[in-house]
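What the coordinates show
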Amino acid sequence: MMGKAHFIIGTGVSLSLLALTGAPVTVGAVAIAAVSSMLPDIDHPNSLLVTRALPTKLLRVLQSAMLLIAAALLFYAPVEQPWNSVLAAVAVVAMFLPEQALRKGAFVLIGLAVIVFGERYAPWNRMGGILLIVFSLAPHRGITHTFYALAAWMLLLYGLTGAHGPSIWLAGGLGYAVHLACDSVTKNGIRPLPPLKAKIRFALMTTGKKSGKRVERIGIWITIILFAGVFGIRLIEYGARLYLRLTS
Ligand SMILES: [Zn+2]
């Protein structure tokens, strides 16, 4: 399924369900629902999240910096010859890696930095760093499209924000779950519990095909109707209460 459909359906459906549970729909909940509806595709080469989080320009800067890093490693690395040359060679090779591999590498380094330096600020940074590394190394529809990843994401959010109420971890979990549900209607489906081979697959559509576009459009309409049903009633209630207060 395309990113835009994931974004609209994931955010709309999860916020509607969140409201139905009675949890407050906060600004944070809206933001985390939107992020979570895209998060499983973080390992996808064209994923909005990955390209936004690491724009191509920054990648080019990183690539150019690799030469400096190689030189620095050659002359200043705190290791014996020939290991400093090996490290320098690795940096030069990394410079010519294909874009996607470079992106993944950069994400792994960011994850490592979060683990090493973030620990001081909040113990949860370690888990966030690990999650970042696992997600960036995973093949598309690999580990990020499993129930393990869903559980890990919810646990992470629960650990970080559970003390302030259920809105954030519920919205995040719902957004992520709706993404998996959407992908399970595609031809590829998902494998939710590897190494088990069992798939969830309804094969209603092929992403990018005309039939796929139609299914996406139907999904978006269902989302709009659900959203209007849940929040429309709330708005009418709110308006009625305001009217009664003003007229009494
Ligand atoms: Zn996906």
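This structure is a prediction, so every number in the text was calculated from the model and none was measured.

Parameters and conventions
- Residues numbered from 1 in each chain as written.
- Predicted model: local features only at pLDDT ≥ 70, side-chain atom pairs only at ≥ 80, totals over all residues.
- Helix = DSSP H or I, 4+ residues; strand = E, 2+ residues; numbered from the N terminus.
- Buried ≥ 20, exposed ≤ 12 C-beta atoms within 10 Å, placed from the backbone.
- Axes fitted to C-alpha atoms, helices over the stretch in contact; angles between N-to-C directions.
- Parallel < 35°, antiparallel > 145°, perpendicular 65-115°, else oblique.
- Contact = placed C-beta atoms within 7 Å.
- Nonpolar A, V, L, I, M, F, W, Y, C, P; charged D, E, K, R; others polar.
- Expected span 1.5 Å × (residues − 1).
- pLDDT = per-residue confidence, 0-100.
- Core = buried A, V, L, I, M, F, W, Y, C linked by C-beta atoms within 7 Å.
- Left-handed = near helix turned anticlockwise from the far one by under 90°.

Further remarks concern the overall build of the protein chain. Each helix and strand in the protein chain was counted, giving ten helices and zero strands. Along its sequence from the N terminus, the protein chain presents helices and strands in the succession α-α-α-α-α-α-α-α-α-α. Each of the three principal axes of the protein chain carries a C-alpha extent, and together these read 85 × 45 × 35 Å. Counting across all 248 residues of the protein chain, residues that qualify as buried make up 26%.

On to the packing of helix H4 (residues 56–76) against helix H6 (residues 99–118), then. Remark: H4 packs on H6, axes separated minimally by 11 Å, with the N-to-C direction vectors making an angle of 85°. Judged by the angle between their axes, H4 and H6 are roughly perpendicular. Here Leu59, Leu62 and Gln63 of H4 come into contact with H6, specifically with Glu99, Leu102, Arg103 and Ala106. Classifying every residue of the contact of H4 with H6 by side-chain character gives four nonpolar, one polar and two charged.

Quick look at helix H9 (residues 167–183) now. Here H9 contains 17 residues, and its C-alpha end-to-end distance of 24 Å stays within 8% of the 24 Å for a straight helix at 1.5 Å per residue. The buried fraction of H9 amounts to 15 of the 17 residues, a majority that puts the element mostly inside the structure.

Considering every residue of the protein chain, the mean pLDDT works out to 84; 92% of them sit at 70 or more. Mean pLDDT values over the elements of the protein chain span from 58, in helix H3 (residues 48–53), up to 95, in H9.

In this structure, Ala171 and Leu174 are the most contacted members of the largest nonpolar core, which totals 29 residues. Taken together, the elements giving at least two residues each to this core come down to helix H1 (3–21), helix H2 (27–38), H6, helix H7 (124–137), helix H8 (147–161) and H9. Non-local contacts of Ala171, meaning those with residues more than four positions away in its chain, are made with Ser14, Leu15, Leu18, Ala29, Ile32 and Ala33.

Running from N to C, H1 and H9 cross one another at 135°; their axes reach a closest spacing of 8 Å. By the angle class used here, H1 and H9 are oblique. Note that H1 runs across H9; the crossing there is right-handed. In this structure, H1 contributes His6, Ile9, Gly10, Thr11, Val13, Ser14, Leu15, Leu17, Leu18 and Thr21 to the contact, and H9 contributes Ser167, Leu170, Ala171, Leu174, Gly175, Val178, His179 and Cys182. The residue inventory of the contact of H1 with H9, partitioned by class, reads ten nonpolar, eight polar and no charged.

The topology assignment puts Pro194 in the loop between H9 and helix H10 (210–247). Here the alpha-carbon distance between Pro194 and His145, two residues 49 residues apart in the chain, equals 10.0 Å.

Below, the discussion takes up the environment of Leu59. Turning to its location among the elements, Leu59 is positioned in helix H4. Of the residues examined, Leu59 has 15 C-beta atoms within 10 Å and is grouped as partly exposed. Placed 119 residues apart in sequence, Leu59 and Val178 show a C-alpha to C-alpha distance of 31 Å.

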